[in-house]
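The residues making up each chain are set out below.
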There are 2 protein chains.
Amino acid sequence: MAVERALEHLAKHDKAVIDRLIEWLRIPSISTDPKHTGDVRKAAEWCAARLRLAGVSAELRETGTKEKPGHPVVWGHHPGPAGYSGPHVLFYGHYDVQPVDPLELWESAPFEPVIRPASGEVGERIVARGAVDDKGQVVTFLESLVAWKETTGSIPIKLSVLIEGEEEMGSRNLYKYVDDHSAELKMCDVCVISDTGMLQRHHPAITYGVRGLCYTEVILHGPDQDLHSGLWGGRCPNPANELTKVLAQLWDADRRVTIPGFYDKVLEPTAKEREAWRRLPFDAVAALKKIGLGADANIGEAGWTATEREWARPTAEINGVYGGYMGPGSKTVIPSFAGAKVSFRLVANQDPAEIEALFKKWLDARTPPGCRWEFKKHSGGFAGNVSIDSPYLAAATRACEKVTGSKPDLIKSGGSIPVVGMLKSKIGLDTLLVGFGLDDDRVHSPNEKFELSCLRLGLKTHTRLIDEFSRMTR
Amino acid sequence: MAVERALEHLAKHDKAVIDRLIEWLRIPSISTDPKHTGDVRKAAEWCAARLRLAGVSAELRETGTKEKPGHPVVWGHHPGPAGYSGPHVLFYGHYDVQPVDPLELWESAPFEPVIRPASGEVGERIVARGAVDDKGQVVTFLESLVAWKETTGSIPIKLSVLIEGEEEMGSRNLYKYVDDHSAELKMCDVCVISDTGMLQRHHPAITYGVRGLCYTEVILHGPDQDLHSGLWGGRCPNPANELTKVLAQLWDADRRVTIPGFYDKVLEPTAKEREAWRRLPFDAVAALKKIGLGADANIGEAGWTATEREWARPTAEINGVYGGYMGPGSKTVIPSFAGAKVSFRLVANQDPAEIEALFKKWLDARTPPGCRWEFKKHSGGFAGNVSIDSPYLAAATRACEKVTGSKPDLIKSGGSIPVVGMLKSKIGLDTLLVGFGLDDDRVHSPNEKFELSCLRLGLKTHTRLIDEFSRMTR
């Protein structure tokens with residue numbers, strides 16, 4: 001059978017697949033850092049070349065404006081076999097990666113991928129920035145296409161491919177891209193993304209919901225110059241003191257966000273859903289142990305479990321804070337300003353623009369005497385939710401079962417994949433998140449890794465998924 | 001008369017005096033930055049050479065330990081005329097300077113001194129790091145010695161000189177130095193320092209009190225790695241959130257420090273003192289205007305005026321705060337740690353070591369779940385107070401009157417000069433602070449300056465002061 005031939009081909013060329021991934025990981029495509037703009041494009045071209053090898057027509061499409069150019073979208077299309085009557089599948093992924101700091105905590109250079117023994121089990125892992133988020137996962141899809149092409153002469157389904165380069169900066173230009181190409185995108189029936197994780201090794205999970213995001217930066221300005229803390233301390237506003245006093249009010253004693261209206265539109269999970277989640281093999285305390293914390297660190301919004309806090313509850317987090325003297329030693333200064341990166345994880349049906357406006361209003365009501373706010377919006381996206389009855393979800397479930405012999409876990413993720421909410425709200429397209437990461441992959445952290453067993457599971461699952469889609473009728 | 005000849009000499013060699021100061025200012029003697037250790041020593045050698053030119057025997061004395069060497073003390077001594085029966089005067093100053101960041105706010109390179117028109121009045125200013133704090137002020141003393149030497153053949157008083165290189169790092173090694181050389185220092189009758197400011201141009205002020213300092217750094221550690229704020233946000237401690245919540249509790253609604261016992265030992269100013277301060281020509285709102293703030297920024301501990309807040313009330317200030325992603329753009333991270341530089345300005349009779357212990361205890365009582373504190377002590381010093389009836393204060397007052405024709409302002413300073421508290425508590429020595437800076441000199445800030453009119457006033461005052469001391473009998 002065709003699918004078996006494709007699977008055998010992947011097994012036979014295992015090393016070549018890994019070597020090609022390493023090649024891609026060597027390109028430091030950090031989208032938020034302007035000095036890597038050239039590398040980001042290089043990573044896009046690498047991806048387009050792989051698609052062409054699989055017989056997919058691929059091109060780079062520019063985004064942004066002349067004044068503020070964005071990173072290109074890799075767009076690909078394959079018409080499928082003559083007389084194909086199955087679903088038109090859109091595959092989405094991203095080729096950009098997070099910044100690498102703090103660099104000193106990396107055991108090997110972030111863009112010099114190394115193969116290391118996998119922790120706690122037989123096998124190996126590949127360590128590099130982007131290993132699992134998202135280059136390694138995109139490769140599980142790209143290589144399965146190549147395997148189909150090389151063993152059967154062509155891919156058995158109609159598909160379009162959208163690999164963007166701005167996911168780690170909030171997919172800033174993708175909103176306009178989706179608007180500009182909505183006609184083309186509306187031709188698709190379902191979106192498949194591999195950018196999420198599994199609860200268990202060797203056991204696929206399908207994610208049917210992700211959180212949204214509203215990422216802001218607030219800077220509190222006081223005196224027009226840094227001041228001597230002896231001559232001025234006690235008789236003028238200190239922006240570092242004042243910013244601290246304001247941001248501390250973001251949470252109440254139950255760790256609920258205090259911004260009025262913040263929870264108004266929240267769609268709470270059903271009792272049935274909460275019950276199903278409780279049955280999943282998720283151990284909150286064991287997860288904390290992996291990041292060096294004890295059971296006493298199992299904290300969050302009162303009245304919810306760790307799973308519910310991650311999947312179904314919105315948050316307010318300080319992702320960065322800065323001000324005054326941050327170097328070695330001491331400096332007796334009252335800083336002219338202090339700032340913080342403050343982000344909110346959102347759930348259905350919160351609107352990022354509304355949350356941003358509520359936060360701004362909340363800050364304005366707390367402006368310290370003699371100070372003024374500077375407000376920056378960095379990124380935002382709606383949460384995503386897929387219907388549990390989707391026939392495409394059923395097809396994905398079958399594919400997973402055929403690979404492993406058992407039902408996949410149906411889960412959600414606390415992370416944000418802006419495109420999911422975007423495709424649903426703008427195009428009406430449902431998204432299946434079939435990801436192969438693990439909880440300890442150090443996503444966004446030093447020593448990010450992707451286990452080779454997970455890579456191989458992804459290759460098999462995508463190959464099967466393409467087979468399942470090819471047997472469907474719309 | 002001898003003093004007139006010395007004064008004429010200074011007037012005649014005005015340009016040479018300024019050129020020599022510029023030469024000293026070119027040496028980037030930043031004591032807190034290890035990469036400038038060589039420059040710090042160079043600045044010390046420059047100073048010793050000037051003293052020798054005035055006939056003062058001068059040497060560099062090492063401080064610190066083999067493992068942790070400090071910056072050298074410049075020590076000088078001059079026996080005075082045969083049969084001298086006047087006071088043995090100790091002159092103290094420092095040749096080290098503050099770091100220069102934020103560098104981008106400097107209009108000229110911090111260590112390439114430039115002469116610019118003085119703001120708001122006729123005359124000129126010299127702009128450079130260290131111009132007024134403290135090289136420019138030390139020069140007013142050094143050059144008056146040279147003038148005495150060159151016009152009369154020798155200095156008419158017995159004096160010792162202690163110019164240290166660690167004032168901007170809290171005079172860390174001076175404590176041991178003073179202990180080790182206490183016998184020598186006990187021979188002195190009074191200490192004179194020029195490292196403070198005046199309330200009015202052309203009108204000397206004698207400072208009879210300075211605040212103490214307790215400078216700490218607290219780092220809150222949580223997870224053993226940076227985390228993805230989507231996957232973890234809401235279900236584990238975020239050190240940036242938690243540090244913010246703890247530090248915000250440092251002040252109550254009246255802006256009083258909430259640490260139990262913090263105010264226990266505070267020596268409050270007398271009603272008579274507070275009354276005298278109110279009569280001083282100090283305009284709090286005008287001072288705020290100079291740093292870009294309005295009257296609404298005239299805030300501080302309830303129940304005290306701006307002058308009282310600076311001169312007689314202790315404070316808690318966040319001098320720096322850092323954690324998570326501080327670069328451009330956004331990064332959705334929960335940081336592994338977040339830290340802050342927290343300092344306390346102290347007044348008589350608070351003990352820096354006691355305040356540090358109280359703060360530690362206060363933090364421990366507020367350790368967030370799953371987190372731990374890392375505590376660093378950077379520096380500390382007692383506040384200083386001089387008796388208002390001191391005969392040396394009377395002599396300094398006469399010297400100022402003879403220069404300007406009017407009584408100097410008797411003031412205090414909110415800044416900290418560790419040596420003042422040190423000499424009083426260890427040696428029993430009183431200190432006269434006769435400084436020539438102005439409120440807008442941008443001490444510790446970009447574009448620090450010293451007005452040439454202030455430099456010249458300092459030269460005259462020190463020349464007169466030496467004359468007054470030479471007429472005293474112990």
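The following refers to the structure shown. (Residues numbered from 1 in each chain as written. Chains lettered and ligands numbered in written order. Predicted model: local features only at pLDDT ≥ 70, side-chain atom pairs only at ≥ 80, totals over all residues. Heavy atoms only, no water.)

**Comments concerning the relation of the copies chain A and chain B**
Selection criterion: We superpose the copies by least squares over the C-alpha atoms of residues that have a pLDDT of at least 70 in both of them.
Overlaying chain A with chain B gives an RMSD of 0.1 Å, the required rotation being 180 degrees about an axis along which the chain moves by 0.1 Å. Here the symmetry operator amounts to a two-fold rotation axis. Minimal C-alpha distance to the rotation axis in chain A is attained by Y322 of chain A, lying at 2.3 Å.

**Regarding the sheet that holds strand β9 (residues 212-221) of chain A**
The strands making up a sheet associate through backbone hydrogen bonding, with each pair oriented either parallel or antiparallel. Test applied: Any two strands are treated as partners once DSSP identifies two or more bridges connecting them. We count a stretch as a helix when DSSP gives it H or I for four or more residues in a row; a strand needs E for two or more, and each element gets its number in order from the N terminus. Note on geometry: axes are lines fitted to C-alpha atoms, helical ones only across the stretch in contact, with angles between N-to-C directions running from 0 to 180 degrees.
Reading across the sheet, the 8 strands line up as β14(A)-β9(A)-β13(A)-β11(A)-β11(B)-β13(B)-β9(B)-β14(B) and stay open at both edges, with antiparallel pairing between neighbours. Looking at the sheet topology across the chains shown, the edges are occupied by β14 (372-381) of chain A together with β14 (372-381) of chain B. Mean inter-strand twist for the sheet, computed between neighbouring axes without regard to direction, equals 20 degrees. Bridge count between strand β11 (residues 315-324) of chain A and strand β13 (residues 337-346) of chain A: 8 bridges; the pairing is antiparallel.

**Concerning the interface of chain A and chain B**
The condition that has to hold: Contact definition: two residues touch when any of their heavy atoms are within 4.5 Å. Throughout, the accessible surface (probe 1.4 Å) given up by two parts as they are put together, summed over both, is called the buried area. In the sections that follow, a salt bridge refers to a side-chain nitrogen of Lys or Arg positioned within 4 Å of a carboxyl oxygen of Asp or Glu. Think of a polar contact as two N or O atoms within 3.5 Å of one another; within protein, one of them needs to be a possible hydrogen donor and the other a possible acceptor, and neighboring residues in sequence only count if both atoms come from side chains.
Of the residues lining the interface, 88 residues belong to chain A; the matching set on chain B comes to 86 residues. Sorting the residues of chain A by area buried against chain B places R235, I291 and K331 of chain A first, and these three jointly supply 10% of that buried surface. At the surface where chain A touches chain B, the tally comes to 5 salt bridges. Residues E242 of chain B and R255 of chain A are paired through a salt bridge, measuring 2.7 Å at the closest nitrogen-oxygen approach. Here chain A is connected to chain B by 46 residue pairs in polar contact (both at pLDDT 80 or more).

**Some remarks on the packing of helix α2 (residues 14-25) of chain B against helix α15 (residues 452-471) of chain B**
All names here are of chain B. What counts, and what does not: Working definition: roughly parallel below 35 degrees, roughly antiparallel above 145 degrees, roughly perpendicular at 65 to 115 degrees, and oblique for all remaining angles. Polar here means any residue other than Ala, Val, Leu, Ile, Met, Phe, Trp, Tyr, Cys and Pro, which are nonpolar, and Asp, Glu, Lys and Arg, which are charged; Gly is therefore polar.
For the pair α2 and α15, the least separation of the axes is 12 Å and the interaxial angle reads 105 degrees. As the angle between them shows, α2 and α15 are arranged roughly perpendicular. Residues D14, V17, I18 and L21 of α2 pack against L452, L455, R456 and L459 of α15. Grouping the amino acids of the contact of α2 with α15 by side-chain chemistry returns 6 nonpolar, no polar and 2 charged.

**Examining the pattern of salt bridges**
All names here are of chain A. Put simply, the test is: Under the scheme applied here, a residue whose accessible area is under 20% of the maximum for its type counts as buried, over 50% as exposed, and between as partly exposed, the area being computed with a 1.4 Å probe on protein chains only.
Applying the stated criterion across every chain, the model contains 81 salt bridges over all chains. As a salt-bridge pair, E275 and R279 come within 3.5 Å of each other at their nearest N and O atoms. Of the two residues, E275 and R279 are both situated in helix α9 (residues 271-279); the distance of 4 residues between them amounts to about one turn of the helix. The exposure class assigned to R279 is exposed, which follows from its relative accessible area of 61%. Several salt bridges share partner residues, and in doing so they unite R125, R201, D440, D441, K449 and E451 into one network.

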